[in-house]
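Structural description and commentary
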There are 2 protein chains.
Amino acid sequence: MNKKVKTTTVKTTKGERKQKILDSAERLFAIKGFEGVSVREVTKNAGVDVALANYYFNSKRGLFDAVLMRRAEILNEYRMEALEACEREAGDTPLTVEAIIDAYTHPLLDRSHLGGAGWKSYFSLIAQVNNSPEWGGIMLPRYYDPIVRRFMDALRNAMPNSNEENLYWCYHFLSGALTLTFAETGRIDHLSNGLCKSKDLEAVHARLVPFITAGFNALCQE
Amino acid sequence: MNKKVKTTTVKTTKGERKQKILDSAERLFAIKGFEGVSVREVTKNAGVDVALANYYFNSKRGLFDAVLMRRAEILNEYRMEALEACEREAGDTPLTVEAIIDAYTHPLLDRSHLGGAGWKSYFSLIAQVNNSPEWGGIMLPRYYDPIVRRFMDALRNAMPNSNEENLYWCYHFLSGALTLTFAETGRIDHLSNGLCKSKDLEAVHARLVPFITAGFNALCQE
DNA sequence: GTCTATAGCTTGATAGAC
DNA sequence: GTCTATCAAGCTATAGAC
């Protein structure tokens, strides 16, 4: 019993150190970008030794990849669950486009509200990666294409007459609007003189879903 | 006469050096981000001396600002002309939402096609700035808010019953979809197994306008 | 205006003690 | 696993010759 407690404590500490580095890296990469942050800055902010970052992740780039992957897997699970819940609820009737869009976007709203600052940093980082020519075409497909394909299938089923290219381009527009929204850059606050607030994700999401649904309907339903 | 030619030649050379630095910076910042590029790299690529970057732009950050501003002013003029052409053409009849959206987005398509690689780099850079929490809420408003407000007025006129917040959020969705599109990241090429091509901006734009228009109509027309 | 030279730091990564 | 010490390289910015 004593032994077990001891072992658990040690393991937790190790795991915690690694997680602390990931948390710190996530936060700083989100603010200043990959090249704008040094490994020293990350480890200092995490309260661990400089050398540990390379020990755990081999290189700065390895650390970056680990940051991206960590929450991608979790987010994919949430999205999958949301889609399956839709299908269960609908039974034999076909899914609505709106329900599919909501299943794709709602998990981000939930994580941003319930998941704390870590998830907010992660979404900010994803927005930047998505729009980067260096990473956007390579990293995101790696982590997200399988689940996106699953949603594309659902959309195809919901709109059987849809043109295939239109379907992909509509997803592309969704992707751009969604990632910018959850990046919470404050741009719209400035433009609207404070009327709209980037942080009020509930308000944006309530508009995002019908906006995107209308776009899909216009291009993919005949 | 001789004197005038001489002076002109000198001025051109100076201007060319400055422009070469801007071109090189624009290209490299677009690929690797602000922090990912060194001033040495920029000047080496431009074929000029290292010290000239600081001589002309005071600092690396000053160079970055100059890159952002240079084409913003030109783009704003093109957009303004496009909107005024719409208004002239419409005469007394109210503008359609689709025409306004097209006036806002079409200048990007034209510049990307006719403007060469410089404009493509610029749009890629804008996409990254737009999604950055550090710059998105500060730099873009500075250069683009006046013209965006002008377009918001036009949209308000076209949809007199529209809710003010909805109008701003719809613009926000447009902004995310538009900047990602002109960043040409190659993401959709991968996802669609080559069916859709990021570089085929003509094809995307033809879908972007009706997609966004449908979104505006759904939220701002009652 | 242009260029050389360099000051003064910070960087990613690692070798080796414990 | 953790940490100290250090390396070689690269960085921004500038002072001063021309």
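First, a word on scope: everything that follows refers to the structure included in this document. (Residues numbered from 1 in each chain as written. Chains lettered and ligands numbered in written order. Predicted model: local features only at pLDDT ≥ 70, side-chain atom pairs only at ≥ 80, totals over all residues. Heavy atoms only, no water.)

**Observations concerning the interface of chain B and chain A**
Heads up, the condition is: Should any heavy atoms of two residues lie within 4.5 Å, those residues are considered in contact. As used here, buried area is the combined drop in accessible area, with a 1.4 Å probe, of two parts when they are placed together. Salt bridge criterion: a side-chain nitrogen from Lys or Arg within 4 Å of a carboxyl oxygen from Asp or Glu.
Contact residues are listed per partner, giving 61 residues for chain B and 61 residues for chain A. Between chain B and chain A the total buried area reaches about 5,500 Å² when both faces are included, carbon and sulfur atoms providing 68% of it. Across the salt bridge formed by Arg187 of chain B and Asp145 of chain A, the nearest N and O atoms sit 2.6 Å from each other.

**Comments concerning the protein's contact with DNA strand D**
Counted only if it meets this: A single heavy atom is enough: if one lies within 4 Å of a molecule or strand, its residue is considered near that molecule or strand. Definition of a polar contact: a pair of N or O atoms within 3.5 Å, with one able to donate and the other able to accept a hydrogen when the atoms are protein atoms, and with sequence-neighbouring residues admitted only if both atoms are side-chain atoms. Counting from the N terminus, the helices are the DSSP runs of H or I reaching at least four residues and the strands are the DSSP runs of E reaching at least two.
Near DNA strand D lie 15 residues; those nearest to it are Arg17, Asp49 and Tyr56 of chain A together with Ser38 and Arg40 of chain B. The contact atoms of DNA strand D, taken as those within 4 Å of the protein, divide so that sugar and phosphate hold 60%. Between a phosphate oxygen of DNA strand D and a main-chain N or O atom of Val39 of chain B, the distance comes to 3.1 Å. Contact between DNA strand D and Lys60 of chain B: a phosphate oxygen at 3.1 Å from a main-chain N or O atom of the residue. Secondary-structure elements contributing two or more residues to the surface near DNA strand D are helix H1 (2–32) and helix H3 (51–57) of chain A together with helix H2 (39–46) of chain B. The greatest single-element share of the surface near DNA strand D, amounting to 4 residues, is contributed by H3 of chain A.

**Examining the pattern of salt bridges**
All names here are of chain A. Selection rule: Remark: exposure states derive from per-residue accessible area (1.4 Å probe, protein chains only) relative to the maximum for the residue type, with buried under 20%, exposed over 50%, and partly exposed in between.
If you walk through the whole model with that rule in mind, you get 24 salt bridges over all chains. Across the pair Glu87 and Arg150 runs a salt bridge, and its minimum N-O distance is 3.4 Å. Taken together, the positions of Glu87 in helix H4 (residues 60–90) and Arg150 in helix H7 (residues 139–158) put the pair 63 residues apart, joining distant regions of the chain. On the basis of relative accessibility, which here comes to 26%, the residue Arg150 falls in the partly exposed class. A salt bridge links Lys120 to Glu184; the nearest nitrogen and oxygen atoms lie 2.8 Å apart. Of this pair, Lys120 sits in helix H6 (residues 117–130) while Glu184 sits in the loop between helix H8 (164–183) and helix H9 (187–191), and the two are 64 residues apart along the sequence. A residue is classified by how much of its surface remains accessible, and Glu184, at 19% relative accessible area, is buried. The network of salt bridges with shared partners includes Asp23, Glu26, Arg70 and Arg71.

**Some remarks on the protein's contact with DNA strand C**
The local shell around DNA strand C holds 15 residues, among which Arg40 of chain A together with Lys14, Arg17, Asp49 and Tyr56 of chain B are the closest. Near the protein, meaning within 4 Å, the atoms of DNA strand C are sugar or phosphate in a fraction of 58%, with bases accounting for the rest. Within the side chain of Ser38 of chain A, a nitrogen or oxygen atom sits 2.9 Å from a phosphate oxygen of DNA strand C. At 3.3 Å, a side-chain N or O of Asp49 of chain B approaches a phosphate oxygen of DNA strand C. The biggest single contributor to the surface near DNA strand C is helix H3 (residues 51–57) of chain B, with 4 residues.

**A word on the packing of aromatic side chains**
Within a pair of aromatic rings, the relevant descriptors are the distance that separates the centres and the angle that separates the planes. Residues and elements named next belong to chain A. We apply this condition: Side-chain rings of Phe, Tyr and Trp, where Trp is taken by its six-membered ring, are said to pair if the distance between their centres is within 6.5 Å; with planes under 30 degrees apart they count as stacked, over 60 as edge-to-face, and otherwise as tilted. The rule is short: NZ of Lys or CZ of Arg within 6 Å of the ring centre and within 35 degrees of the ring normal puts a charge over the ring.
Evaluation of the coordinates by the stated rule reveals 30 aromatic pairs over all chains. An aromatic cluster is defined as three or more aromatic residues linked by ring pairs; in this entry it consists of Phe29, Phe34, Phe64 and Trp135. Lying across the ring of Phe34, Lys60 places its NZ or CZ 4.7 Å from the centre. The side chain of Arg79 reaches across the aromatic face of Tyr104, ending 3.7 Å from its centre.

**Digging into the packing of helix H6 (residues 117–130) of chain B against helix H7 (residues 139–158) of chain B**
Residues and elements named next belong to chain B. Definition in use: Lines fitted to the C-alpha atoms define the axes, with helices restricted to the stretch that makes contact. Angles between their N-to-C directions range from 0 to 180 degrees. Each crossing gets its hand from how the near helix is turned against the far one by less than a right angle, where anticlockwise is left-handed and clockwise is right-handed.
For the pair H6 and H7, the least separation of the axes is 10 Å and the interaxial angle reads 115 degrees. You can see that H6 and H7 cross each other, and the crossing is left-handed. Only Met139, Leu140 and Tyr144 of H7 make contact with H6, whose side of the interface consists of Tyr122, Ile126, Val129 and Asn130.

**With respect to the side chain of Thr43 of chain A**
Residues and elements named next belong to chain A. Summarising the element assignment, Thr43 is placed in helix H2 (residues 39–46). The class of Thr43 is buried, set by a relative accessible area of 1%. A polar contact of 3.1 Å, which involves the side chain of Thr43, links it to the backbone oxygen of Arg40. Setting aside residues no more than four positions away along its own chain, Thr43 makes contact with Val48, Asp49, Val50 and Ala53.

**As for the relation of the copies chain B and chain A**
Condition: Least-squares fitting of one copy onto the other uses the C-alpha atoms of those residues that reach a pLDDT of at least 70 in both copies.
Here chain B sits on chain A after a turn of 180 degrees about the axis and a move of 0.0 Å along it, with an RMSD of 0.0 Å. One copy is carried onto the other by what is essentially a two-fold rotation axis. No C-alpha of chain B lies nearer the rotation axis than that of Gly176 of chain B, which sits 2.3 Å from it. The fraction of interface residues of chain B whose copies in chain A are also interface residues reaches 100%, indicating that both copies meet through the same surface.

**Here we look at H2 of chain B**
All names here are of chain B. The cut-off we apply is this: What the arc covers is the set of directions going from the helix axis to the C-beta atoms.
Buried within H2 are the following residues: Val39, Val42, Thr43 and Ala46. Each buried residue of H2 sits inside an arc of 90 degrees when the element is viewed along its axis, so together they form one side. Set apart from the buried face of H2 by more than 90 degrees, the exposed residues are Arg40 and Lys44.

**Overview of the environment of Phe64 of chain B**
Residues and elements named next belong to chain B. Inspection of the secondary structure puts Phe64 in helix H4 (residues 60–90). Taking the C-alpha atoms as reference, Phe64 lies 13 Å from Lys32; in sequence the two are 32 residues apart. If we skip the residues at most four places from it in the chain, Phe64 touches Phe29, Phe34, Leu125, Val129 and Trp135.

**Considerations on the nonpolar core**
Stated precisely, the cut-off is as follows: For our purposes a nonpolar core is just a set of buried Ala, Val, Leu, Ile, Met, Phe, Trp, Tyr and Cys residues, chained together by side-chain atoms within 4.5 Å.
Tyr144 and Phe216 of chain A together with Tyr144 and Phe216 of chain B are the most contacted members of the largest nonpolar core, which has 141 residues in total. Among all residues touching Phe216 of chain A, those that are not within four sequence positions of it are Val97, Ile101, Leu155, Met159, Leu167, Cys170, Tyr171, Leu174 and Gln221 of chain A together with Phe211 of chain B.

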